[in-house]
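Structural characterization, general
One letter stands for each residue in the lines below.
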Amino acid sequence: MNAKILETENVTVSFDGFKAINNLNFSMDVGELRVVIGPNGAGKTTFLDVITGKVQPTTGRVLFKGKNLRSLREHQIARLGIGRKFQTPRVYLNLTPRENLEITSNRNKNVFSTLFGRSHTTEKKNIAGLLETIGLTSKADIPSALLAHGEKQRLEIGMLVAQSPDLLLVDEPVAGLTDEETYNIGELLLTLAQSHSILVIEHDMEFVRQIARKVTVLHEGSVLCEGNFEEVQNDRRVIEVYLGQQQE
Ligand code: ADP
Ligand code: MG
């Protein structure tokens, strides 16, 4: 059996009695790229909130690498190795992409690399590599304010990676992007998936088709079905819950 990076066991999150997450059982393996889809209000964002400690489960447990996250604070969970990308980019617009990546990795520099001074050249190399990975080498030294929306998204994904998380949580990364930028983000996530465990929440079905291996469909706070893209797309229950919403 593969090692699990993330598991939820019978997790319920109630807001004044309304169950945004309802007895949710979910698990993903180390190294997996998982896509979670579901109609509006299905509980997708709340699901990320309960993983990152922004909200506590009313009942049930969330396990990260087998460790129960109960009563840990958000920053403690982040330090354990869970990085989250929010929907809107949060990059420093007056700094260049290179500087944005530098400050993110500096903030996480540990005592040892500081003590033994091995960080400086290694870090420069890492940042050059990361700029390459996110496709921003040619724009590394212009103010980030001049980047297109999709480029900012890629930069922020790079900033997340610079923190070396074991699990990346990415909430709707292609909302509002052009087809070309959507494709670029997809390719970037596929590249990162070679060395990270990644959980992506997304609506855009073309994008899901591009990156999906295993897809989990959330509905009313529970798992409705799981499978590869074709299985999920052809599932009667999935088609039913998406009817009435404009998505394919
Ligand atoms: P999704 O991201 O799938 O669209 P959400 O997780 O944002 O869904 O929301 C799931 C449901 O929980 C929605 O009906 C939403 O109105 C409700 N909800 C989310 N957060 C809160 C909150 N803090 N208080 C009350 N209800 C909430
Ligand atoms: Mg949401």
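Residues numbered from 1 in each chain as written. Chains lettered and ligands numbered in written order. Predicted model: local features only at pLDDT ≥ 70, side-chain atom pairs only at ≥ 80, totals over all residues. Heavy atoms only, no water.

Here's the deal with the site of ligand 1
Lining the immediate surroundings of ligand 1 are Phe15, Phe18, Ala20, Pro39, Asn40, Gly41, Ala42, Gly43, Lys44, Thr45 and Thr46. Within the backbone of Gly41, one N or O atom sits 2.8 Å away from an oxygen atom of ligand 1. Protein burial of ligand 1: of its 560 Å² of free accessible surface, 57% is covered by the chains. Mapped onto the shell around ligand 1, the elements with two or more residues apiece are β2 (18–29) and α1 (44–52). By residue number, the principal contributor to the shell around ligand 1 is α1, which donates three residues. Its residues assigned to classes, the shell around ligand 1 comprises five nonpolar, five polar and one charged. (Near = heavy atom within 4 Å. Polar contact = N/O pair within 3.5 Å; in protein donor to acceptor, adjacent residues only side chain to side chain. Areas by Shrake-Rupley, 256 points an atom, 1.4 Å probe, with all protein chains shown as cover. Helix = DSSP H or I, 4+ residues; strand = E, 2+ residues; numbered from the N terminus. Nonpolar A, V, L, I, M, F, W, Y, C, P; charged D, E, K, R; others polar.)

A short note on the domain arrangement of the chain
Along its sequence, the chain is carved into domain 1 (1–81 + 168–184 + 197–248) and domain 2 (87–164). Contacts between the two partners involve 10 residues from domain 1 and, on the opposite side, eight residues from domain 2. The contact between domain 1 and domain 2 buries some 750 Å² in all, and 59% of this surface belongs to carbon and sulfur atoms. Across the pair Arg154 and Glu181 runs a salt bridge whose closest N-O atoms are separated by 2.9 Å. (Domains from an automatic or database assignment. Contact = heavy atoms within 4.5 Å. Buried area = accessible area lost by both parts, 1.4 Å probe. Salt bridge = Lys/Arg side-chain N within 4 Å of Asp/Glu carboxyl O.)

Topic: the sheet that holds β2
The strands making up a sheet associate through hydrogen bonds between their backbones, and the pairing can be parallel or antiparallel. What the four strands build is an open sheet, ordered β2-β1-β4-β5; its pairing is antiparallel. Sheet topology places β2 and β5 (67–68) at the edges, where each strand pairs with a single neighbour. Alignment of strand β1 (residues 4–15) against strand β4 (residues 59–64), held across five bridges, turns out to be antiparallel. When the bridges of β4 are listed, Thr12 appears paired with Thr59. (Pairing = 2+ DSSP bridges.)

Quick notes on helix α7 (residues 179–192)
Its 14 residues place the ends of α7 20 Å apart at the C-alpha level, agreeing with the 20 Å of an ideal helix rising 1.5 Å per residue. Among the residues making up α7, those that are buried are Glu181, Thr182, Ile185, Gly186, Leu188, Leu189, Leu190 and Leu192. (Expected span 1.5 Å × (residues − 1). Buried < 20%, exposed > 50% of the residue type's maximum accessible area, 1.4 Å probe, protein only.)

Concerning the environment of Gly227
Relative to the elements of secondary structure, Gly227 occurs in strand β10 (residues 222–227). A sequence separation of 91 residues divides Gly227 from Leu136, and the C-alpha atoms of the two residues are 34 Å apart. Not counting chain neighbours up to four residues away, the residues in contact with Gly227 comprise Arg213, Lys214, Val215 and Val232.

Thoughts on the pattern of salt bridges
All told, the structure shown has 13 salt bridges when counted by the stated rule. Close ionic contact of Arg61 with Glu9 constitutes a salt bridge, the shortest N to O distance being 2.9 Å. Of the two residues, Arg61 is situated in strand β4 and Glu9 in strand β1; the sequence distance between them amounts to 52 residues. The partly exposed category is assigned to Arg61, whose relative accessible area is 37%. The salt bridge involving Glu226 is made with Arg34; its shortest N-O contact spans 3.1 Å. Here Arg34 lies in strand β3 (residues 33–37) and Glu226 lies in strand β10, a separation of 192 residues in the sequence.

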